[in-house]
Each structure stands twice: as structure tokens, then as C-alpha cells.
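Fold and geometry: a report
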Amino acid sequence: MTYYTNPIANYCSNLTVIDPTSDNQAETLATTIAQAADDRKASDIVILKVTEVSYLTDYFVIVTGFSRTQVKAIAEAIEEKVYQVHQQVPRQTEGKSDGNWILQDFGDVIVHIFLPEEREFYNLEAFWGHAERLEFSSEVTQASRP
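Heads up: these notes are all about the structure in this document. Just so it is clear, the structure is predicted and the values come from calculations on it, not from any experiment. (Residues numbered from 1 in each chain as written. Predicted model: local features only at pLDDT ≥ 70, side-chain atom pairs only at ≥ 80, totals over all residues. Heavy atoms only, no water.)

So, on to the nonpolar core. Ranked by internal contacts, the top residues of the largest apolar core, which has 26 residues, are Ile-33, Ile-47, Val-61, Val-63, Ile-78, Val-109 and Ile-113. Taken together, the elements giving at least two residues each to this core come down to helix 2 (22-39), strand 1 (43-49), strand 2 (59-64), helix 3 (68-86) and strand 5 (109-114). Aside from chain neighbours lying at most four places away, what touches Ile-33 is Val-61, Ile-78, Val-82, Phe-106, Val-109 and Val-111. Grouped together as the second largest cluster of nonpolar side chains are 10 residues, Leu-48, Val-50, Ile-110 and Ala-131 included. (Core = buried A, V, L, I, M, F, W, Y, C linked by side-chain atoms within 4.5 Å. Buried < 20%, exposed > 50% of the residue type's maximum accessible area, 1.4 Å probe, protein only. Helix = DSSP H or I, 4+ residues; strand = E, 2+ residues; numbered from the N terminus. Contact = heavy atoms within 4.5 Å.)

This is how it looks when you write it as C-alpha cells:
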């Protein structure tokens, strides 16, 4: 018996299909995170689209809390809101015990929650300055609240 394999079918079966909605889902996740941070009175909320400049993730959300307690509360609020809205938990969380800088990795979005001194020192916005900056305004969040 002779078996015939179709080289085109084999090639096509190895292709990765890119979901055109995945970027929109990642942006929605980033916005959900920013809103959760805003709900806990985070300051200086920045969303950077790093898809074109980094292979690590699609978005960074960078926020400031003014005490270790607030930084931890922001991180917890983000975890709760993301789970409620997207049924997702962080793949990895770093810095929660210290509370100076908490990093949450949600895959498509990485969150950085800083105390002001750490944010100024590491200056991620300048380091990733060539990334696209998305608009986020707490007024939009305030207007959409009941």
C-alpha cells in the first residue's frame, strides 16, 4: 500500500492563525486593569502598547501608589477585577511582600505598580518611550460609574 501525503496540507497544518480580535482583547484587558487601579486611587496611570517594540507582552500598564498599603491594595483590586471581567489570574506576581514595586504578568499585559520613588528611578516610560501611548483618563472611568 502507498500512502500519499499532501505537502500543502502538511504545511498549512503547521501555520499559526492569528486571531484579529486578540489585540482588541489585550487592549480591553489593559483598560480593565487601568480602571481597577483608578478605582483604588492610583495616580499617573499610563498604558503603553509595546507590541511593535517588545516580544515580552503587548501592553504595559504603569501606575503609582503613595504607600505600600495602597500599592498592595491596587494589586489586589486589579486581580479581583480581572478575574471578574476576564476570568483570568496573573501568571506571575512579584514584589507583593515588599510593596515598593509590584509586577503582575497577565500574559498580554504586564502591570507595574510603583511607589513614586521607584517609578522615578526606573522611569519605564522613558525606557519604553518609543512605544505607543494609549489614552486613559479617570474622568472617563468616573463618568461610566453608576
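From this point, the discussion proceeds with the structure in view.
This model, assessed by the stated rule, comprises 6 aromatic pairs. Geometrically, the ring pair formed by Phe-60 and Trp-128 is edge-to-face, given 5.3 Å between the ring centres and 75° between the ring planes. Here Trp-128 lies in the loop between helix 5 (124-127) and strand 6 (132-134) and Phe-60 lies in strand 2, a separation of 68 residues in the sequence. You can call Trp-128 buried: its relative accessible area is 12%. (Phe/Tyr/Trp six-rings, centres within 6.5 Å; stacked < 30°, edge-to-face > 60°.)

As a further point, take the pairing of strand 2. With 6 of its 6 residues buried, strand 2 lies for the most part within the structure. The sheet contact formed by strand 1 and strand 2 spans 5 bridges and is antiparallel. Within the sheet, the bridge partner assigned to Leu-48 lies in strand 2 and is Phe-60. Here strand 2 runs beside strand 5; their pairing, made up of 6 bridges, is parallel. Counted as the bridge partner of Ile-62 is His-112 from strand 5. (Pairing = 2+ DSSP bridges.)

With respect to topology, 6 strands assemble into an open sheet ordered 3-4-5-2-1-6, the strand pairing being mixed. Pairing within the sheet leaves two strands with one partner each, and these edge strands are strand 3 (92-94) and strand 6. Each adjacent strand pair in this sheet contributes to an overall mean axis angle of 20°, direction not counted. (Axes fitted to C-alpha atoms, helices over the stretch in contact; angles between N-to-C directions.)

Take unusual backbone geometry next. Of note in this structure, Asp-44 is not a glycine but carries a positive phi near 55°. Inspection of the secondary structure puts Asp-44 in strand 1. Located in the positive-phi region is Asn-123, a residue other than glycine, with phi close to 45°. Note that Asn-123 resides in the loop between helix 4 (116-122) and helix 5.

In this section: the pattern of salt bridges. Under the criterion given, the structure shown has 3 salt bridges. Asp-39 is the partner of Lys-81 in a salt bridge, and the nearest nitrogen-oxygen pair spans 3.9 Å. One end of the pair, Lys-81, is in helix 3; the other, Asp-39, is in helix 2, with 42 residues separating them in the sequence. Residue Lys-81 is classed as partly exposed on the basis of its relative accessible area of 25%. With its nearest N and O atoms 2.3 Å apart, the salt bridge here joins Arg-119 to Glu-125. (Salt bridge = Lys/Arg side-chain N within 4 Å of Asp/Glu carboxyl O.)

With 19 residues, helix 3 extends 27 Å from end C-alpha to end C-alpha; this agrees with the ideal 27 Å at 1.5 Å per step. Buried residues of helix 3: Gln-70, Val-71, Ile-74, Ala-75, Ala-77, Ile-78 and Val-82, and no others. Angular distribution of buried residues about the axis of helix 3 spans 165°; they occupy a single face of the element. The exposed residues of helix 3 that point more than 90 degrees off its buried face are Thr-69 and Gln-84. Downstream of helix 3 by a residue or two, Gln-87 has a phi angle that is positive, lying close to 50°. (Expected span 1.5 Å × (residues − 1). Arc of directions from axis to C-beta.)

The analysis is restricted to geometry; functional conclusions fall outside its scope.
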